[in-house]
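Spelled out, the chains give:
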Amino acid sequence: MSGKDGGAIQHKHKVSAEELTDKQLAAIIMATHWATDDLSGHVVEIFPRAKMLAFPAINESEEALVPDLHPKEKLPETKASPGDYFWSAMYQQSPK
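Residues numbered from 1 in each chain as written. Predicted model: local features only at pLDDT ≥ 70, side-chain atom pairs only at ≥ 80, totals over all residues. Heavy atoms only, no water.

Secondary structure assignment for the protein yields four helices and zero strands. Counting helices and strands in the order they occur from the N terminus, the protein gives α-α-α-α. Sorting the 96 residues of the protein into buried and exposed places 15% on the buried side. As displayed, the protein offers around 8100 Å² of accessible surface, 56% of which is attributable to carbon and sulfur atoms. (Helix = DSSP H or I, 4+ residues; strand = E, 2+ residues; numbered from the N terminus. Buried < 20%, exposed > 50% of the residue type's maximum accessible area, 1.4 Å probe, protein only. Areas by Shrake-Rupley, 256 points an atom, 1.4 Å probe, with all protein chains shown as cover.)

See the structure below:
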C-alpha cells in the first residue's frame, strides 16, 4: 500500500517465460497480427506452446475466406490498393 491511509494497492509482478511455461496456464488473445513485433508475434516467439490461428483472405488453396463479402475475383483489386506490405498484414495476417 502507498501512504498510511490505505491508498492504492499496487502489485508489480515480473514473471519469466520459463516460469509461465512450467505452469498449466491458458490465455486467448484476439488480435489482428499487424506487425512481426506486435503482441501476437511476441507471444508466439516467447512461448513455444502458443498457437496462432490465422484466417487469410486467400488461403493456400487459392480460395476466398468469405466469398460472399470479398469474392476471389475482387481480391486482386483490393490487394492493389494498400500494396503488398499492408495486404500481407491486413488481409493475409502474415506481416512482413
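On to the packing of aromatic side chains, then. Under the definition given, this model contains two aromatic pairs. Summarising the aromatic geometry, the rings of Y85 and F86 are spaced 5.2 Å apart at their centres and angled 90 degrees between planes, so their arrangement reads as edge-to-face. Relative accessible area serves as the criterion here: at 44%, F86 is assigned to the partly exposed category. Between W87 and Y91, the ring centres sit 4.8 Å apart and the planes meet at 20 degrees, which makes this aromatic pair stacked. (Phe/Tyr/Trp six-rings, centres within 6.5 Å; stacked < 30°, edge-to-face > 60°.)

Our focus in this paragraph is a nonpolar patch on the surface. Taken together, the side chains of L53, F55, L65, V66 and L69 make up a nonpolar region of the molecular surface, amounting to roughly 530 Å² of accessible area. Tracing the backbone through its elements, the reader meets L53 in the loop between α2 (39–46) and α3 (75–80). The class of L53 is exposed, set by a relative accessible area of 67%. (Patch = residues over 30% accessible without salt bridge, like charges linked within 9 Å, V, L, I, M, F, W, Y side chains within 5 Å. Salt bridge = Lys/Arg side-chain N within 4 Å of Asp/Glu carboxyl O.)

Relative to the elements of secondary structure, S40 occurs in helix α2. Setting aside chain neighbours within four positions, we find S40 in contact with A31, H33 and M52. (Contact = heavy atoms within 4.5 Å.)

What follows deals with α2. Buried residues of α2: S40, G41 and V43, and no others. Each buried residue of α2 sits inside an arc of 165 degrees when the element is viewed along its axis, so together they form one side. Exposed residues pointing more than 90 degrees away from the buried face of α2 are listed as L39 and E45. (Arc of directions from axis to C-beta.)

We now examine the layout of surface pockets. Approximately 780 Å³ is the volume found for the largest pocket. The set of elements that each furnish at least two residues to the lining of the largest pocket consists of α1 (17–22) and α2. The element best represented in the lining of the largest pocket is α2, accounting for three residues. Classifying every residue of the lining of the largest pocket gives 17 nonpolar, four polar and two charged. (1 Å grid on protein atoms, 1.4 Å probe; cavity = no way out; pocket = protein on both sides within 12 Å on 5 of 7 lines; lining within 4 Å. Points joined across faces, edges and corners; volume = space filled by probe spheres on them. Nonpolar A, V, L, I, M, F, W, Y, C, P; charged D, E, K, R; others polar.)

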